[in-house]
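# A closer look at the structure
Letter by letter, the chains look like this.
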Amino acid sequence: MLPVVALMALLALPVSGDTARSGGGTPADVMSGVLVLLAVAGAVRRAERALSRTALVVLGLPVVGFAVAATGAADAATGLTGLGRYLQVFVLVPAAVLLLVRDRADLRVLAWAFVGLALVQGGIGAHQYATGTGASYMGADIRAVGTFGPTDVMGMATVVSYGVICAVGLALGAAPGTGTGTGTGTGTPAGSATGTAPGTGAAVRQRVVALVCALLLLVPLALSFSRGAWIATAVACAAQLLLAGVRRAVAVGAVLAAVLVVLVGGVGVGTAMLQERVDSITKVTDAPDQSVLDRYTMWAAAVGMWRERPVTGVGLKNFPAHRDGHASLALSSGSDTAGAGSGFVRQPLLSPHNMYLLVLSEQGLLGLLALAGGWGALLVLGVRRLALVRGAAVRAPGGPSARGADCGLLACGLLVWQLLDFAYADIGGPSTVLTAVALGVVAWWALGADAR
């Protein structure tokens, strides 16, 4: 797991404003290429088929849509750049993580790495808010963005959200085992693999530490002022609670409600700006602000592009070129960014901030059905695997087949969060490579039983 953890650690490094604005490669992107090479080398060394037929179909089918859309790009260089990015995020890095993760112990290492990265970025973000050194928000440099800067305001929110979900999954799924298993490494089914299972004391420690981390991360998540991340995290955690059991969901929900009351009412975490941001969630249709208006306008433009070319779309990375021909006059010229060590920059609006509509407009129905169909398959297979593990826990408490609930809960939670967040955001920015790692975690849980 060292290469994967190293990739995640590189995301804690500051990203220069020029790199973020140009969309250039970062050290984490370079490490993702190394990760893929290591996974391929391991598969060749083992001299066996690396992925099952199911994994090949789920992860490989979107390549068809990507390739067809690349042929419709404005030029060959643009098409190859877009194709490489989509392959990196949705195919190559997830497949590499699927191949490198050997058992549940490895997956728990990655989960704690998610939590650790979130604590680092969240701590930086909270310091930015407290000292007024964050990104500009309503005239004040208070928006928590971590090391990602004002040009990737969703970066820290994404990292912290992943950390919350992993921590919640580790806390809810921690179950006492009977000791240390024997683990069979690669080829062991994710739903029935033995391995290092937490004993009673280890399970209690995991639950307590994970719960504390989840509560701590709620503060920088709130200070990110990202409404989409708030909604996606709330729904994903609720789904995790329900998957862990209805009784536990009710109990934990009551505790979280009490904690939020203390944080907002007693400690005073809820400032006037934060309260206004929360209230704006209910006004996205009645009295939307300019950022919401821009999204509505770009969503309509994306639908217009799809209607022109419903099957294959307008081509990879062609949304900006067709935007003005389909957008109404309500669209502003761009968004203002400043603070967090950067000067004032007018950022052009180059995507609809909705992954589904971006794929629909640039890749058409062919690309959307292939990509979203794979995500749906991962969700169904992941929930099914979790149900099997929970059933095994009922039949044989403490048995090796019953010790994967925490892995299943965090994997399903990550996918639910991503599917919801894609309704408010799309790929882009230095934090995108972490999305690829998260999809790899999901793929291992959903497809690992069939991988050799």
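Per chain, residue numbering runs from 1 following the sequence as it is written. A pLDDT threshold of at least 70 governs which residues receive local features in this predicted model, and a stricter bar of 80 or more applies before side-chain atom pairs are shown or counted, although totals over entire chains, interfaces and linings include all residues. Note that the side-chain values use all heavy atoms of the structure and ignore hydrogens as well as water.

Moving on, we come to the pattern of salt bridges. Take a side-chain nitrogen of Lys or Arg and a carboxyl oxygen of Asp or Glu: if they are within 4 Å of each other, that pair is a salt bridge. Tallied over the entire structure, the rule returns four salt bridges. As a salt-bridge pair, R85 and D29 come within 3.2 Å of each other at their nearest N and O atoms. Placement of the pair is R85 in helix 6 (residues 76–100) and D29 in helix 3 (residues 27–46), with a sequence separation of 56 residues. Exposure remark for R85: the relative accessible area of 23% places this residue in the partly exposed category. Only DSSP runs of H or I reaching four residues or more are called helices, and only runs of E reaching two or more are called strands; each is numbered from the N terminus. The classification of residues rests on relative accessible area computed with a 1.4 Å probe and restricted to protein chains. Under 20% of the type maximum is buried, over 50% is exposed, and intermediate values are partly exposed.

Here we take up helix 1 (residues 2–10). If you check which residues of helix 1 are buried, you get V4, L7 and M8. Projected down its long axis, helix 1 shows its buried positions confined to an angular sector of 95 degrees, all on one face. Here the buried face of helix 1 lies against helix 3, helix 6, helix 7 (104–131) and helix 17 (432–447). The arc in question is the one traced by the directions running from the helix axis out to the C-beta atoms. Working rule for contacts: check all heavy atoms of both residues, and any pair within 4.5 Å makes them a contact.

Here we come to the confidence of the model for the chain. Residue-level confidence of the predictor is summarised by pLDDT, bounded by 0 at the bottom and 100 at the top. Averaged over all residues, the pLDDT of the chain equals 82, while 79% of them reach at least 70. In the predicted structure, residues 177–197 sits below a pLDDT of 50 and forms 48 contacts with residues beyond four places in sequence or in another chain.

Okay, the packing of aromatic side chains next. Note on ring pairs: Phe, Tyr and Trp rings are taken, using the six-membered ring of Trp, and paired if centres are within 6.5 Å. Classes follow the plane angle, with under 30 degrees stacked, over 60 edge-to-face and the rest tilted. As enumerated under the stated definition, the model contains eleven aromatic pairs in all. Centroid distance F114 to Y162: 5.8 Å. Interplanar angle 85 degrees. Geometry classified as edge-to-face. Here Y162 lies in helix 8 (residues 153–173) and F114 lies in helix 7, a separation of 48 residues in the sequence. For the pair F114 and Y162, one class covers both residues: buried. By the ring-pair criterion, three or more aromatic residues cluster together here, those being F66, Y86, F90, Y356, W375 and F422. Across the ring face of W445, the terminal group of R385 is positioned such that the distance to the ring centre comes to 5.8 Å. Criterion for a charge above a ring: Arg CZ or Lys NZ at most 6 Å from the ring centre, at most 35 degrees from the ring normal.

This part takes up the side chain of R108. With respect to the secondary-structure elements, R108 resides in helix 7. In this structure R108 comes out as buried when scored by relative accessible area, which is 9%.

Before going further, it helps to spend a moment on the packing of helix 4 (residues 53–60) against helix 5 (residues 62–71). Simply put, an axis is a line fit to the C-alpha atoms, just over the touching stretch for a helix, and the angle between two N-to-C directions goes from 0 to 180 degrees. Between helix 4 and helix 5, whose axes approach to 5 Å, the crossing angle comes to 30 degrees. Overall, the two elements helix 4 and helix 5 adopt an arrangement that is roughly parallel. Between helix 4, through V57, V58, L59 and G60, and helix 5, the contact on the second element is made entirely by P62, V63 and V64. Lys, Arg, Asp and Glu make up the charged group, whereas Ala, Val, Leu, Ile, Met, Phe, Trp, Tyr, Cys and Pro make up the nonpolar group; the residues left over, Gly among them, are polar. Of the residues contributing to the contact of helix 4 with helix 5, the split by class is six nonpolar, one polar and no charged. Here the angle decides the label: under 35 degrees means roughly parallel, over 145 means roughly antiparallel, 65 to 115 means roughly perpendicular, and every other value means oblique.

Time to look at helix 3. In a regular helix each residue adds 1.5 Å, so 20 residues correspond to 28 Å; helix 3 covers 29 Å between its end C-alpha atoms and thus fits that length. Along helix 3, the residues classified as buried are A28, D29, M31, S32, L35, V36, A39, G42 and A43. The arc enclosing the buried residues of helix 3, seen along the axis, measures out at 160 degrees, which places them on a common side. Away from the buried face of helix 3 by more than 90 degrees, exposed residues V30, L37, V44 and R45 are located. Multiplying 1.5 Å by the residue count of a helix minus one yields the expected span of that helix.

Attention now moves to unusual backbone geometry. Unusually for a residue other than glycine, F225 sits at a positive phi of about 55 degrees. One can find F225 in the loop between helix 9 (200–223) and helix 10 (227–244). Overall, F225 belongs to the buried group, its relative accessible area being 0%. Although it is not a glycine, H353 adopts a positive phi angle of roughly 55 degrees. Mapped onto the fold, H353 is located in the loop between strand 4 (342–347) and helix 15 (355–395).

Moving on: the packing of helix 7 against helix 16 (residues 405–421). A pair of packed helices is characterised by two quantities: the angle between their axes and the separation of those axes. Where helix 7 contacts helix 16, the axes come no closer than 10 Å and their chain directions differ by 45 degrees. With respect to helix 16, the element helix 7 is oriented oblique. Relative to helix 16, helix 7 is oriented so that their crossing is left-handed. Between helix 7 and helix 16, the residues in contact are R104, L107, R108 and A111 and D406, C407 and L410, respectively. Within the contact of helix 7 with helix 16, the residues separate by chemical class into four nonpolar, no polar and three charged. Here a crossing is called left-handed whenever its near helix is offset anticlockwise from the far helix by less than a right angle, and right-handed whenever the offset is clockwise.

In these notes, a set of buried Ala, Val, Leu, Ile, Met, Phe, Trp, Tyr and Cys residues joined through side-chain atoms within 4.5 Å is what counts as a nonpolar core. Core analysis: the biggest nonpolar cluster contains 113 residues, and M8, Y86, F90, F114, M355 and L414 have the highest contact counts within it. Excluding residues that lie within four positions of it along the chain, F114 makes contacts with M8, Y162, G163, C166, L434, V437, A438 and V441.

What follows concerns the side chain of Q240. Structurally, Q240 is set in helix 10. A distance of 3.1 Å separates a polar side-chain atom of Q240 from the backbone oxygen of I165. Any N or O atom pair separated by 3.5 Å or less is treated as a polar contact, with the protein-specific requirement of one donor-capable and one acceptor-capable atom, and with residues adjacent in sequence counted only for side-chain atom pairs.

Its place among the elements puts A387 in helix 15. Under the relative-accessibility criterion, A387 is labelled partly exposed at 49%. Spatially, the C-alpha atom of A387 lies 9.0 Å from that of G408, the residues being 21 residues apart in sequence.

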